[in-house]
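# Descriptive structure summary
Chain residues, written in single-letter form:
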Amino acid sequence: CIAGNQYLADAAGVPEKTTVIPTVIDTERYVPSDAVHDDGPIIGWMGTAGNFPFLERTVDSLRKVLAEVPNARVRIVSNATFEPLRGVDRVEQIRWSAAREIALLQSFDIGLMPLIDSPLTRGKCAFKMIQYMAVGTPVVVSAVGANLEVIADRELGYAVEGFDWTEELLSLLRDPDLRAKMGEAGRTRAVESYSVESVVPTYLELFQRFS
């Protein structure tokens, strides 16, 4: 059994037959951009409409930081309109497309991954978070499931209990050097542990063992 995180591995119930191999991405394609946003930092979220209930939990914090930081923006990339922030000043809603996915991820200065704590979300493999990290974007995520495994003890962002993310967002919005430092740490972590190349030896060892 190959599991994407430790929660799924434990659920399988056969530890002697289970190997944890995390979700990975192509870090040769998902790379940081050198672009600088002179018109203000962008808080970004990318995901499908099915995950809107998680994003809704952050609306109060997003409204607060937009009020506190006049040049900050929120960018939501999805397959549908996020109604709680429709028409709000400095909130941009962009339709996702495969052609623009990486460029839009690169446009984020902060990446969000809110989750409630449930058996379903504990089984998620932090894919959105890993995408942000790979393009050098610091993250603010829920302290749930694989998110905690990914962030570990690295200073690549904030894993937050609950949904008042105001303090963490303001910390990053007001400090470009901190964003750069955390973004670089996230990129390093993504390449080392969540890139295609990082898991090839484990797959090869499994194939050799059972061939």
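Our subject in this report is the structure included herewith. (Residues numbered from 1 in each chain as written. Predicted model: local features only at pLDDT ≥ 70, side-chain atom pairs only at ≥ 80, totals over all residues. Heavy atoms only, no water.)

Moving on: a nonpolar patch on the surface. Nonpolar side chains collect at one region of the surface, where Ile-2, Val-196, Val-200, Tyr-203, Leu-204 and Phe-207 lie side by side and expose about 520 Å² of accessible area between them. For the nonpolar patch, the element with the most residues is helix 10 (residues 196-210), which contributes 5 residues. Along the chain, Ile-2 turns up in strand 1 (residues 2-3). (Patch = residues over 30% accessible without salt bridge, like charges linked within 9 Å, V, L, I, M, F, W, Y side chains within 5 Å. Areas by Shrake-Rupley, 256 points an atom, 1.4 Å probe, with all protein chains shown as cover. Salt bridge = Lys/Arg side-chain N within 4 Å of Asp/Glu carboxyl O. Helix = DSSP H or I, 4+ residues; strand = E, 2+ residues; numbered from the N terminus.)

Summed over all chains, the structure comprises 10 salt bridges. The partner of Glu-92 in a salt bridge is Arg-75, and the shortest N-O contact between them spans 2.6 Å. Taken together, the residues span a long stretch of sequence, with Glu-92 in strand 5 (residues 91-95) and Arg-75 in strand 4 (residues 73-78) at a distance of 17 residues. Classification of Glu-92 by relative accessible area gives partly exposed; the value is 22%. Relative accessible area serves as the criterion here: at 12%, Arg-75 is assigned to the buried category. Where Arg-86 meets Glu-83, a salt bridge forms, and the shortest distance between an N and an O atom there is 2.6 Å. Residue classification places Arg-86 among the exposed residues on the basis of a relative accessible area of 52%. Of the residues examined, Glu-83 reaches a relative accessible area of 47% and is grouped as partly exposed. (Buried < 20%, exposed > 50% of the residue type's maximum accessible area, 1.4 Å probe, protein only.)

All we've got here are geometric facts, nothing functional implied.
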